[in-house]
Amino acid sequence: MHLNNICAHFDNLENMDYEHFFLTTDAPKMRKLEIYSTPRLKDKDLLFISGFYNLESVSIEGDVSSYKQIEKLEKLRSLRYLFCTDKKELEMTKEKRQKDITTYFGNKSLEIQKNYLMTQRMVIQMHYQEFFHKLYIPRLERVRWQDKISSYDLEQIKGELENIAQMSRKERKQISREPKKEYNLFDSLNELWFDKIPNSEDEDDCYLVNSNPDPFDLYNDDGKKKGIDYYVLKRKIYIEE
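Now for a quick tour of the structure. (Residues numbered from 1 in each chain as written. Predicted model: local features only at pLDDT ≥ 70, side-chain atom pairs only at ≥ 80, totals over all residues. Heavy atoms only, no water.)

## Details of the overall build of the chain
This is how it is decided: Segments assigned H or I by DSSP are reported as helices when at least four residues long, segments assigned E as strands when at least two residues long, and all are numbered from the N terminus. A 1.4 Å probe rolled over the protein chains alone gives each residue an accessible area, and that area as a share of the maximum for its type sets the label: buried under 20%, exposed over 50%, partly exposed in between. Contacts: residue pairs with any heavy atoms within 4.5 Å of one another. All accessibility values rest on the Shrake-Rupley procedure with a 1.4 Å probe; residue burial counts only the protein chains present in the view.
Each helix and strand in the chain was counted, giving nine helices and six strands. Residue burial in the chain is summarised as follows: out of 241 residues, 31% are buried. Taking as baseline every contact in the chain between residues at least 6 positions apart, the subset at least 24 positions apart corresponds to 52%. Here the chain has roughly 16,300 Å² of accessible surface; of this, 53% comes from carbon and sulfur atoms.

See below:
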């Protein structure tokens, strides 16, 4: 099956074989995938998700033993609702978040603590994906540069490196990188904000946080939200050559 969709949304489809879907579907333009499923998806369901190599945003209700398949998605920037259940990984996360657990979750049940740790492990994975994305080189560019390496002689390679060395830092950063796309209304409506060029005066360069420290206790008895919502800049300093 071939899909031209940029975004796909699956909501509790009965008897859906996701393993077969990922294995037999070609979706070269797919940037965002949402799957809301009961029961939650497992490792087997997501075994071939890396075939959707252009995915930038994934929202999947599921529990996996590791993020091995997710890490193969070289463009992935956003990961939601997909939790890692590996005990070793959660113990490592617990060490990183020990202060928060002691302060806010010391008297909570083990299940609440585990939910918190899985959520935090997912947040850490998102940071990994952001880092992987910075290292990512588009496939066509990889082929082009591999061809240079294999076909050039030493003098040609030396000349190529000398040309790169004479470039400005900004030019060097763009070598083998995909050009930024224009951020349009479709991207905005579908939360595909990844190609947006940063602007320090733009609200989209901020993220929303709440002053209430307990993510599992968000509302008062009267239904009103605890704490105060406020925006924090993603980047404090903008440097442009």
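Now that the structure has been shown, we can carry on.
## Here's the deal with the sheet that holds strand β1 (residues 7-11)
Note the following rule: Between any two strands, pairing holds if DSSP finds at least two bridges. Axis angles are defined between N-to-C directions and span 0 to 180 degrees, where every axis is a line fitted to C-alpha atoms and, for a helix, only to the segment in contact.
The parallel open sheet is built from four strands, whose spatial order is β1-β2-β3-β4. What marks the edges here is a single partner per strand, and that holds for β1 and β4 (78-84). The average undirected angle you get between the axes of adjacent strands in this sheet is 15 degrees. Relative to β4, strand β3 (residues 57-64) runs parallel, the two sharing six bridges.

## Description of the packing of aromatic side chains
We count it as follows: Aromatic pairing here means that ring centres of Phe, Tyr or Trp (its six-membered ring) are within 6.5 Å. Orientation follows from the plane angle: under 30 degrees is stacked, over 60 is edge-to-face, and everything else is tilted.
This structure, assessed with the given rule, holds eight aromatic pairs. On the basis of an interplanar angle of 85 degrees and a centroid distance of 6.2 Å, the ring pair of Phe-10 and Tyr-18 is categorised as edge-to-face. A residue is classified by how much of its surface remains accessible, and Phe-10, at 13% relative accessible area, is buried. Overall, Tyr-18 belongs to the buried group, its relative accessible area being 3%. Here the aromatic rings of Phe-131 and Phe-132 are separated by 6.4 Å at their centres, their planes lie at 55 degrees, and the arrangement is tilted.

## Considerations on the layout of surface pockets
To keep things clear, this is the line we draw: Definitions used for this entry: grid spacing 1 Å over protein atoms alone; cavity, a set of points where a 1.4 Å probe fits but cannot get out; pocket, an open set with protein on both sides within 12 Å along at least 5 of 7 lines; lining residue, one with an atom within 4 Å of a point. Grid points are joined across faces, edges and corners, and a volume is the space filled by probe spheres set on the points. Any residue that is not Ala, Val, Leu, Ile, Met, Phe, Trp, Tyr, Cys, Pro, Asp, Glu, Lys or Arg is counted as polar, Gly included; the first ten are nonpolar and the last four charged.
The space that makes up the second largest pocket amounts to roughly 220 Å³. Across the lining of the second largest pocket, the residue classes tally to three nonpolar, two polar and four charged.

## Quick notes on the side chain of Ser-37
As a reminder, the rule being used: Definition of a polar contact: a pair of N or O atoms within 3.5 Å, with one able to donate and the other able to accept a hydrogen when the atoms are protein atoms, and with sequence-neighbouring residues admitted only if both atoms are side-chain atoms.
You can see Ser-37 is positioned in the loop between β2 (32-36) and β3. On the basis of relative accessible area, Ser-37 is assigned to the buried category, the value being 10%. Here Pro-39 takes part through its backbone oxygen, which lies 2.8 Å from a polar atom of the side chain of Ser-37. Filtering out sequence-adjacent residues up to four positions away, Ser-37 remains in contact with Asn-12 and Glu-61.

## Section: the packing of helix α6 (residues 139-151) against helix α7 (residues 154-165)
Let me state the cut-off plainly: An angle below 35 degrees is read as roughly parallel, one above 145 as roughly antiparallel, one from 65 to 115 as roughly perpendicular, and any other as oblique.
α7 packs onto α6 with a crossing angle of 135 degrees between their chain directions and a minimal axis gap of 9 Å. Relative to α7, α6 is oriented oblique. In this structure, α6 uses Trp-145, Lys-148, Ile-149 and Ser-151 to contact α7, whose residues at the interface are Gln-156, Ile-157, Glu-160 and Ile-164. In terms of residue class, the contact of α6 with α7 is built from four nonpolar, two polar and two charged.

## Here we look at the environment of Glu-71
Mapped onto the elements of the fold, Glu-71 is located in helix α2 (residues 68-71). Classification of Glu-71 by relative accessible area gives partly exposed; the value is 36%. Remark: the alpha-carbon pair of Glu-71 and Ser-50, spanning 21 residues in sequence, is separated by 8.3 Å. Those residues in contact with Glu-71 that lie beyond four places of it in its chain are Gln-125, Gln-129 and Phe-132.

## Concerning the pattern of salt bridges
Just so we agree on the cut-off: One side-chain nitrogen of Lys or Arg within 4 Å of one carboxyl oxygen of Asp or Glu is enough to make a salt bridge.
In this structure the tally under the stated criterion is 13 salt bridges. The salt bridge involving Glu-19 is made with Lys-44; its shortest N-O contact spans 2.4 Å. Of this pair, Glu-19 sits in helix α1 (residues 18-24) while Lys-44 sits in the loop between β2 and β3; the two residues are 25 residues apart in sequence, bridging distant segments of the chain. Residue Lys-32 pairs with Glu-34 through a salt bridge whose shortest N-O separation is 3.6 Å. We note that Lys-32, like Glu-34, is buried. Connected via shared salt-bridge partners are Lys-32, Glu-34, Arg-80 and Glu-191.

## Quick notes on the pairing of β3
Most of β3 sits out of view: seven of its eight residues are buried. As judged from the four bridges shared by β2 and β3, these two strands associate in the parallel manner. Residue pairing in the sheet places Glu-34 in a bridge with Ser-59 of β3.

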